[in-house]
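# Examination of the molecular architecture
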Amino acid sequence: MTPGTATVTVASRFNGPPGSGNGGYSAGLLAAHVDAAAVSVRLRKPIPLDRELQVRDGQLLDGEVLIASAEPAALDLDVPAAPTLDEALKASAKVPWRDRHPFPTCFGCGPAREDGIGALLGPLDGRAEWAGVWRPSEVLPNDGTTVLPEVVWAALDCPSAQPVAPDGGPAFVLGTFVAQVEQPVELGVDHVLLAWELGREGRKAYSASAIVGPHGVCGRARAVWVSIG
């Protein structure tokens, strides 16, 4: 191995679209190799599963093929006031994606998964944001008390797609993701997932997301989504 390089493998369990890695989870694995509070990850190719990939100078490589790149970033993002848990639960009960999901086996938000995050949100009454409730369980990768940072990245990723494609289609894939983890996300504790759209330009849609726990914001993110429909 070349000095200064590392390797990562995205196991098949952590898929997004069929046959490729979940964008947020994979971005979080790469971001761990960047010394910054907020990291911007650009996904350039579908993430291969169950294959050792190289990390070199902020780049994720499959042989000589550039899969993704990461760099320090500034994340200036105000998080709207979080709804109550009851309000978030009421919103998530209206989730359109439960029956019309573009990727039902996605680790982050697939309704067909029992070992995933299950991040399914719905529109809040009288507000532009979408919300849901996430109580992380021990089925998720964890250190015994909190979920691992790459799981937090995945939990920030999938919610931000849902306001962009409210009826589940056309399908969007993650292009660029800028995220910052600010507090640990504890196992067995209810957290509010919040997401909102920021705008559109051609085939691109822009959105944001946050995870809010009992002690405030645990993580926040901006996303650029690209329509493949």
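These remarks concern the structure in this document. Here the structure is a predicted model, which is why all the values come from computation and not from measurement.

## Structural notes on the overall build of the protein chain
Of regular secondary structure, the protein chain possesses 3 helices and 11 strands. Reading the protein chain from its N end, one meets helices and strands in the order β-α-β-β-β-β-α-β-β-α-β-β-β-β. Relative to its full complement of 229 residues, the protein chain shows a buried share of 52%. In the protein chain, 69% of the contacts between residues at least 6 apart in sequence involve partners at least 24 apart. Element-wise, carbon and sulfur atoms account for 49% of the exposed surface of the protein chain, whose accessible area totals about 10100 Å². For the protein chain, the separation between the mean place of its 18 positive charges and that of its 26 negative charges on side chains is 7 Å.

## So, the sheet that holds strand β9 (residues 191-201)
Across the sheet, which stays open at both edges, the 11 strands sit in the order β1-β3-β4-β5-β2-β8-β11-β10-β9-β7-β6 with antiparallel pairing between neighbours. Two strands bound the open sheet, and with one partner strand each, they are β1 (5-9) and β6 (122-123). When strand β10 (residues 204-213) meets strand β11 (residues 216-227), the two strands line up antiparallel, connected through 10 bridges. Bridge pairing in β11 places A208 opposite R222. Lying on the sheet, helix α1 (residues 23-31) is in contact with β1, β2 (38-43), β3 (52-56), β4 (59-62), β5 (65-72) and β8 (172-181); it crosses β2 at an angle near 125°. Across the sheet, helix α3 (residues 149-161) lies against β2, β7 (130-134), β8, β9, β10 and β11, angled at about 130° from β8, the strand it touches most.

## Things to note about the side chain of S209
Counting through the fold element by element, S209 comes out in strand β10. With relative accessibility at 1%, the residue S209 sits in the buried group. Ignoring sequence-local partners within four residues, the contact set of S209 consists of L77, L156, S160, L194, A195, W196, G219, R220 and A221.

## Re the packing of aromatic side chains
Applying the stated criterion to the full structure yields 4 aromatic pairs. Ring centres 5.9 Å apart and planes at 75° place the aromatic pair Y25 and F107 in the edge-to-face group. In this pair, Y25 sits in helix α1 while F107 sits in the loop between α2 (85-92) and β6, placing the two residues 82 residues apart along the sequence. Like F107, Y25 is buried. Measuring from centroid to centroid gives 5.7 Å for W153 and F177, while their planes differ by 70°, and the two rings are edge-to-face. With W153 in helix α3 and F177 in strand β8, this residue pair connects regions lying 24 residues apart in the sequence. Neither W153 nor F177 differs from the other in exposure class; each is buried. Aromatic rings pair up to connect F14, Y25 and F107 into one cluster.

## Examining the environment of A128
Checked against the element boundaries, A128 lands in the loop between β6 and β7. By relative accessible area, A128 is classed as exposed at 63%. The spatial distance from the C-alpha of A128 to the C-alpha of L85 is 17 Å, given a sequence separation of 43 residues.

About the thresholds
Residues numbered from 1 in each chain as written. Predicted model: local features only at pLDDT ≥ 70, side-chain atom pairs only at ≥ 80, totals over all residues. Heavy atoms only, no water. Helix = DSSP H or I, 4+ residues; strand = E, 2+ residues; numbered from the N terminus. Buried < 20%, exposed > 50% of the residue type's maximum accessible area, 1.4 Å probe, protein only. Contact = heavy atoms within 4.5 Å. Areas by Shrake-Rupley, 256 points an atom, 1.4 Å probe, with all protein chains shown as cover. Lys, Arg positive; Asp, Glu negative; His and termini not counted. Charge placed at Lys NZ, Arg CZ, Asp CG, Glu CD. Pairing = 2+ DSSP bridges. Axes fitted to C-alpha atoms, helices over the stretch in contact; angles between N-to-C directions. Phe/Tyr/Trp six-rings, centres within 6.5 Å; stacked < 30°, edge-to-face > 60°.

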